[in-house]
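# Results of the structural survey
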Amino acid sequence: MAKNLVIVESPAKAKTIEGFLGKNYTVRSSFGHVADLNSKKLSVDVEHDFEPQYEVSPDKKKLVTELKKMAKAAEMVWLASDEDREGEAISWHLFRTLKLTEDKSKRIVFHEITKSAILQAIEKPRKIDENLVAAQQARRVLDRLVGYQLSPLLWRKVKPSLSAGRVQSVAVRLIVEREEEIKKFTTSSAFRTIAEFRLADGKNTQTFKAEYAERFDTLEKAKAFIENQIDAVFTIASVEKKPAKKSPAPPFTTSTLQQEASRKLGYSVANTMRIAQKLYESGRITYMRTDSVNLSKMALNTAKQEIESRFGSNYVKIRHYKTKSKGAQEAHEAIRPTYINNISIDGSAEEKRLYDLIWKRTISSQMSDAQLERTNVCISSSKAPKDFIASGEVIKFDGFLKVYLEGTDDENGELKRGMLPAFAKGDLLNLIEMQSTERFTKHPPRYTEASLVRKMEELGIGRPSTYAPTISTIQKREYVVKETREGVKRKVQNVILKNGKIEEKITHENTGSQKARLFPTDIGVLVNRFLMQYFDDILDYNFTASVEKEFDEIAAGKKAWNKFIKEFYGPFHQKVEETQENSGKFSGERLLGKDPKSGKNVYVKIGRYGAIAQIGDTDSEDKPRFAGLRKEQSLETITLQEALKLFDFPRMLGEVDGEEVSVAIGRFGPYVKHNKLFYSIKKEYNPASLTLEEAIRIMEAKKEADRKKVIKTFEKDKDVKVLNGRYGAYLVIKKQNYKIPKDMDPAALTLEDCYAISKDPKNMPKKRYARKKK
DNA sequence: CAGTGAGCGAGCTTCCGCTTGACTT
């Protein structure tokens, strides 16, 4: 056993470091936190100074036993978790759970994974920073109290299994409020007039475009203006040249990597992280969960060499970036290639593309500015009060643009700035064409996953390790959905002047399809309304920022962590109790009108399983009738007619073999029911007009598919079946599924083979979710 | 997943941050 045990957070890091340290050191990983609050209980003693009750996390039990054994055998244990709030707490938990002592353990930190940085760290050990640990504890306890008291309130007042928290609830709020802005937005239009010119002297035949400095609010005004230009004389009134520069973007952090991978490669946030994790594990890139834009000295040096040898020394400009994001803790470097001289790597296509993006971003961040020359030209018309304006841009020196340009989310495309011919004041121009086109204002864009992450980072909510999980949580809770909605076609009016003739034309444009955007659901809107009504302080966009200030005070030793929690918890808990007792069900109920057949009230609201329509009052004598809303319908927009239509189901179609055939719409879409069996109705059929003949066809098709599904059954034991599923053949014994080993032929299995397969634990399918029902 | 929604009531759900793994019926 080695004399020294070093514990870091990540196994990939452990492997690298072990290589630096020689055989007197064993390096192991804690895989993040090893202890936490029990997830089944509140685990905070609110009666006694909010004492948290920590336990070794269930999935870490084995690891902790092993580490404990190694620690006992070692002469010195080096706690080398990250240098931030969470890292300090990880060391503290390790110290306690491994039962270390002060004389046999030391705390060390380093920001770069280099041999010299680690050797230096070992020379300068320190003690665990108890104040920083206290700040983490305050963070942990606050989040637990908020999450575990608000969520149950939602279960009672809105719907079971919902959740609320300091981070996720604000993320939902952002999406709900953006949608409200979009609903309120009214589109207006104005006519923009663009003219295409050429120099009249014929020396330069290049054409260029210029826009008239005024927009017209009606077609009539635009037309009147253009008609007046038929015999106008156009002259260059002024030419102005200005030097300009563009600077590169800083190296990637988690959030900027997610944004660029989304803009340039179309990756979802979770996908980007999955690919980055692979690159990290294979040693291609540095750690991918970071808020730092910092590069190590070594990285800066190799970047410099790389740029010099590829592009020349005039392309080098070494820069030190400073983070702008709130609450950054900067325990790691920026995300960069481990070896910057590797321009490309082996791997899957998506790994290569992400690596390429990271390489370019890193290299370009250390390159010189691009030097530009902007030209603004004013063109006067003898028959117009204002000028036409053309602007051009010429790159004098490309600098970092040789490698990489950051993408933008800006959707309002402007006139592209290109090169302009050389002008002098007073030059005469020939008009080639003039066109006035109706342009519409656009509502603010809906968030994409990546632009939501950017907004969250700006507000300081969430951390690099939680952006992707938070976004998947709010989708899993069905507060928001990610959808692509096609744009709507709309008419655009144009007036064109060409060859001395005026023409009016109607063209069409698409309002712009929105790819993979986040939309709030009925439940998301309702939960947000509930939380805003009773807990607006926690949903406040500045809540996290203000508690972070408190955490800083605690970390500086100026305040006790449980004093802060006490100040927060008092009023918070009171509000929880009050809301519990005084407020009724929060169902978002809306009265749509009366059912013409029965004269009863028709409502829509959120029920236990989602949105439902209801005919009749709950407290009336005869039971109300219920029907679930369709997936594409919404509480806020559904009409009385649409709601009444939902009650057309279930509809009897007739009888087959003496049993009724009916059609209905369930939680998973429309279905045909016959003889207690269910048959899903595919999209090509319309459940509202489905005939008995069509229903029979659907049932036959299902039966046929089921027959094909069975590969093999056994006379001796009817519980054993070999079936064909989505992922190939599998074995079922008494409702339990088993994998069939790849080297066995499913069709040739004997009953004995099947029993053998079922006994081997290797073939047990892993359960992704704990089973809900008994 | 399972194709419901009365009423009763048992038992369950839930947070944020740190880290990977296992591999889908």
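Let me sum up the structure you'll find in this document. Fair warning: this is a prediction, and the values are worked out from it, not measured in the lab.

### Let's talk about the side chain of Ser381
- With respect to the element layout, Ser381 can be found in strand S12 (residues 370–381).
- Engagement of the side chain of Ser381 in a polar contact is seen with the backbone nitrogen of Lys383, the distance being 3.0 Å.
- If sequence neighbours within four positions are ignored, Ser381 has contacts with Gln229, Ala232, Val233, Phe234 and Phe388.

### Some thoughts on the environment of Gly610
- Position of Gly610 relative to the elements: it lies in strand S21 (residues 610–615).
- By relative accessible area, which is 8% here, Gly610 ends up buried.
- When the C-alpha positions of Gly610 and Ala222 are compared, they lie 51 Å apart, and in sequence the two are 388 residues distant.
- If near-sequence neighbours (up to four positions away) are discounted, Gly610 is found in contact with Lys159 and Lys605.

### Concerning the sheet that holds strand S24 (residues 659–666)
- The four strands are arranged S23-S24-S25-S26 in an open sheet whose pairing can be described as antiparallel. In the strand order of this sheet, the two ends are held by strand S23 (651–656) and strand S26 (677–680), each with one partner. Recorded for the sheet is a direction-independent mean angle of 30° between the axes of neighbouring strands.
- Where S23 meets S24, five bridges bridge the pair, whose relative direction is antiparallel. Bridging from a neighbouring strand, Arg651 pairs with Val663 of S24.

### Some points on the pairing of strand S2 (residues 25–29)
- Across the five residues that make up S2, a large majority, four, are buried.
- The sheet contact formed by strand S1 (residues 4–8) and S2 spans five bridges and is parallel. Residue pairing across strands places Val8 opposite Ser29, the latter belonging to S2.
- With helix H1 (residues 11–21) bridging S1 and its parallel neighbour S2, the resulting β-α-β unit is right-handed.

### Thoughts on the pattern of salt bridges
- Applying the stated criterion across every chain yields a total of 44 salt bridges.
- Lys13 is the salt-bridge partner of Asp82, the closest N and O atoms lying 3.0 Å from each other. Residue Asp82 is located in the loop between strand S7 (76–79) and helix H3 (85–97), and its partner Lys13 is located in helix H1; the two are separated by 69 residues in the primary sequence.
- A salt bridge links Arg85 to Glu548, with the nearest nitrogen and oxygen atoms 3.0 Å apart. Here Arg85, found in helix H3, pairs with Glu548, found in helix H16 (residues 543–555); they are 463 residues apart in sequence, far enough to count as distant.
- Three or more residues joined by partner-sharing salt bridges are found here, namely Glu260, Arg263, Lys264, Arg361 and Glu406.

### Observations concerning helix H11 (residues 349–365)
- For H11, which comprises 17 residues, the first-to-last C-alpha distance of 24 Å matches the rise-based estimate of 24 Å (1.5 Å per residue) to within 8%.
- Turning to H11, its buried residues are Glu351, Leu354, Tyr355, Leu357, Ile358, Trp359, Arg361, Thr362, Ile363, Ser364 and Ser365.

### Describing the sheet that holds strand S8 (residues 105–107)
- Read across the sheet, four strands follow the order S2-S1-S7-S8 without closing on themselves; strand pairing throughout is parallel. This sheet does not close on itself; its edge strands, each paired only once, are S2 and S8. Mean inter-strand twist for the sheet, computed between neighbouring axes without regard to direction, equals 20°.
- The strands that helix H2 (residues 61–73) touches are S1, S2 and S7; relative to S2, the one it contacts most, it runs at about 160°.

### Some points on the pairing of S21
- The element S21 is extensively covered by neighbouring structure, given that five of its six residues are classed as buried.
- As defined by bridge partners, strand S20 (residues 601–607) adjoins S21 across six bridges and the pair is classed as antiparallel. Within the sheet, the bridge partner assigned to Ile606 lies in S21 and is Ala611.
- In textbook terms, the turn of a hairpin is the stretch between consecutive antiparallel strands, and for S20 and S21 this stretch comprises two residues.
- Sheet topology places S21 next to strand S22 (residues 625–628); four bridges connect them, and they run antiparallel. Bridge assignment links Ile612 to a residue of S22, and that residue is Gly628.

Rules of the game
Residues numbered from 1 in each chain as written. Chains lettered and ligands numbered in written order. Predicted model: local features only at pLDDT ≥ 70, side-chain atom pairs only at ≥ 80, totals over all residues. Heavy atoms only, no water. Helix = DSSP H or I, 4+ residues; strand = E, 2+ residues; numbered from the N terminus. Polar contact = N/O pair within 3.5 Å; in protein donor to acceptor, adjacent residues only side chain to side chain. Contact = heavy atoms within 4.5 Å. Buried < 20%, exposed > 50% of the residue type's maximum accessible area, 1.4 Å probe, protein only. Pairing = 2+ DSSP bridges. Axes fitted to C-alpha atoms, helices over the stretch in contact; angles between N-to-C directions. Right-handed = clockwise from strand over helix to strand, strands pointing away. Salt bridge = Lys/Arg side-chain N within 4 Å of Asp/Glu carboxyl O. Expected span 1.5 Å × (residues − 1).

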